[in-house]
Structures are given as structure tokens and as C-alpha cells.
Amino acid sequence: MKATDADRAGIDLHAFDDRATLADTLAGDVATALSEAIAARGSASLALSGGTTPAAFLEALSGKEIDWPEVTVTLVDERVVPPDHERSNAGMIAARLFCGPAAAARFVPLWSEGSDDPEVVADWAERAVDAIARPFDAVILGMGLDGHTASFFPGGSALSEAIDPKTSASVLAMRAPGAGEPRLTLTLPRILEARFLALHIEGEDKRRVLAAALEKGPQEEMPIRAVIAGAPKPLAVYWAP
């Protein structure tokens, strides 16, 4: 069963006994946010994170009864690799989400062919993302064991700009020691303005990382702190062991 409580100032913890229940509940909450947006404005937008954690959530979301042709889906961040690459977030989203009714949604990728220069690709991605109506109706974040979220990596080449609440950029290129390939990432303001914003994490290790992030310390050291500090209301955290 779902248990909701204020774990600490800055977050609203939704804790679940198992990951399957988390995935289905989060999918239901996102589906509600998208459906309400379509009812109110005729369309909806969703930004998703990659990695292995969201796989079950995406599969659950793919079967939800939503007017999917009215939904635009994009990514919170992406590696500068083509969609057929094993580490592509776009490829993972295609395999996990666009495998049922959700295949009717419109997808706006961050990666584009034509240049190997991450800054050039970021400029293209920014134009594509800026064509999506603001704000996003739902944004789902993940978090790494180093405290990064989106591609806000400690030591990242554009970290200061990416987490600056006043930056005018929507998408930036990011290079960092822990990132592997160069990345593309939405910036903090574009994430924080979402109508529904959630952090999806699993496992005791990530619960401990989150607890550490809730302690005082530099945002550059654990960039998830920038999201927690800047969110207009306590950040919804969906967690299961």
C-alpha cells in the first residue's frame, strides 16, 4: 500500500512495499496529470528520464488510457548517441513506453544527427524543446548514487549554468567525469516549472543518498539539492526498496 508522509522538509515521500506497486501508482498519477491537461488545454507534455530504474513505470504507463495522440513526450536528458545505441535514452523509451497505446504520442528527441559537436546538438534540441508549450505537464526525474539528477553531474562542464534558477537556456550540453558520453540536459528552470514533478528512486542505497542530499551542503556537490531547494512545493519522491 502507498504511504505518503513528509519525510523531511523539502520532500513529500511516497514509500511503497515493492517496486511493482510504485511503478503502477506513479504511472497512474502521471496518467491523471496528462489527462487533466488534455481536458483543460487540449494537449499534454511529458519529460522522462532514462536509465534502468523507470523501465517498469514506463511499461505501466504505456497501457494507461490516455488520449495519446494529444501527448508530446521528450527527455529530461540524453547521451549524445543515436537511438539505436545501447545507452540511448530515446531507444529505451521507445522499447518500454512506445510499445502499446502510447505509441500514438508525439516524441521530441534531444539527440539529432548531423553533428558530433554536443553544443551544436544542444542548440538544435533547445529549439525543439522550446517549441513544446510551457510548462511541461509532468516531469519525472531519476537520481544517481553521486546525487546527480537529469545530467546535472558533480564536476559537470556546464553545471553552474544548468542549475542556475535564472538561466535562459532550456537545454545545455554537459561533459563530466562520471557521465560517460557527453550529455544533453534540460535546465533547472524548465524542470521546476512542471505542473507535476516527481523523483523516482529505488533501493536502500538511493534512499541514503537522498537523506544525505537533504543535509546542508553545496548544490554542486549533490545537484539533486538544486531541485529540492528550488521546487515551489515539497518534491514528490516515489521510492521502494
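The rules behind the values
- Residues numbered from 1 in each chain as written.
- Predicted model: local features only at pLDDT ≥ 70, side-chain atom pairs only at ≥ 80, totals over all residues.
- Heavy atoms only, no water.
- Helix = DSSP H or I, 4+ residues; strand = E, 2+ residues; numbered from the N terminus.
- Buried < 20%, exposed > 50% of the residue type's maximum accessible area, 1.4 Å probe, protein only.
- Contact = heavy atoms within 4.5 Å.
- Areas by Shrake-Rupley, 256 points an atom, 1.4 Å probe, with all protein chains shown as cover.
- Lys, Arg positive; Asp, Glu negative; His and termini not counted.
- Charge placed at Lys NZ, Arg CZ, Asp CG, Glu CD.
- Core = buried A, V, L, I, M, F, W, Y, C linked by side-chain atoms within 4.5 Å.
- Pairing = 2+ DSSP bridges.
- Axes fitted to C-alpha atoms, helices over the stretch in contact; angles between N-to-C directions.
- Phe/Tyr/Trp six-rings, centres within 6.5 Å; stacked < 30°, edge-to-face > 60°.
- pLDDT = per-residue confidence, 0-100.
- Salt bridge = Lys/Arg side-chain N within 4 Å of Asp/Glu carboxyl O.

Draft legend 1. Seen up close, the overall build of the chain. If you tally the helices and strands in the chain, you get eight helices and eleven strands. Principal-axis analysis of the C-alpha atoms places the extent of the chain at approximately 50 × 45 × 35 Å. Here the chain holds 241 residues, and the buried ones make up 55% of them. Look at the contacts in the chain between residues 6 or more apart in sequence, and 72% of them connect residues 24 or more apart. Split by element, the accessible area of the chain, about 10200 Å² in all, is 51% carbon and sulfur. Mean positive and mean negative side-chain charge positions of the chain (22 and 35 charges, respectively) differ by 4 Å.

Draft legend 2. A look at the nonpolar core. Within the largest apolar cluster, 88 residues are counted, with the highest numbers of intra-cluster contacts made by Val30, Phe57, Leu61 and Leu97. Element by element, the count of residues in this core is highest for helix H1 (residues 19-41), at ten residues. Beyond its immediate chain neighbours, meaning those up to four positions away, Val30 contacts Leu46, Phe57, Leu61, Ala138, Ile140 and Phe196.

Draft legend 3. Examining the sheet that holds strand S5 (residues 77-79) more closely. Read across the open sheet, the three strands follow the order S5-S9-S8; overall the sheet is antiparallel. At either margin of the open sheet sits one strand with a lone partner, and together these are S5 and strand S8 (171-174). The average angle at which neighbouring strand axes cross in this sheet is 20 degrees, direction not considered. For S5 and strand S9 (residues 183-186), the ladder comprises three bridges, and the chain directions are antiparallel. Across the sheet, residue Arg79 finds its bridge partner in S9, namely Arg183.

Draft legend 4. View of the packing of aromatic side chains. According to the stated counting rule, one finds two aromatic pairs in the structure shown. Ring geometry for Phe16 versus Tyr238: centroids 6.1 Å apart, planes at 15 degrees, classification stacked. Taken together, the positions of Phe16 in the loop between strand S2 (11-15) and H1 and Tyr238 in strand S11 (residues 235-240) put the pair 222 residues apart, joining distant regions of the chain. The pair Phe16 / Tyr238 is uniform in exposure class, with both members buried.

Draft legend 5. A look at the confidence of the model for the chain. Per-residue confidence for the chain gives a mean pLDDT of 95; residues scoring 70 or more make up 97%. Predicted confidence for residues 1-7 stays below pLDDT 50, and this span has 21 contacts to residues more than four positions away or in other chains.

Draft legend 6. Spotlight on the pairing of S8. With burial as the criterion, each face of S8 is covered, one bearing Val171 and Ala173 and the other bearing Leu172 and Met174. Bridge count between S8 and S9: four bridges; the pairing is antiparallel. Residue pairing across strands places Leu172 opposite Thr185, the latter belonging to S9.

Draft legend 7. Representation of the pattern of salt bridges within the structure. This model, assessed by the stated rule, comprises 14 salt bridges. Note that Arg19 is salt-bridged to Glu202, the shortest N-O span being 3.6 Å. Here the residue Arg19 occupies a position in helix H1, and Glu202 occupies one in strand S10 (residues 197-202), the gap between them amounting to 183 residues. One salt bridge in this structure joins Glu181 and Arg87, with 2.7 Å as the shortest N-O distance.

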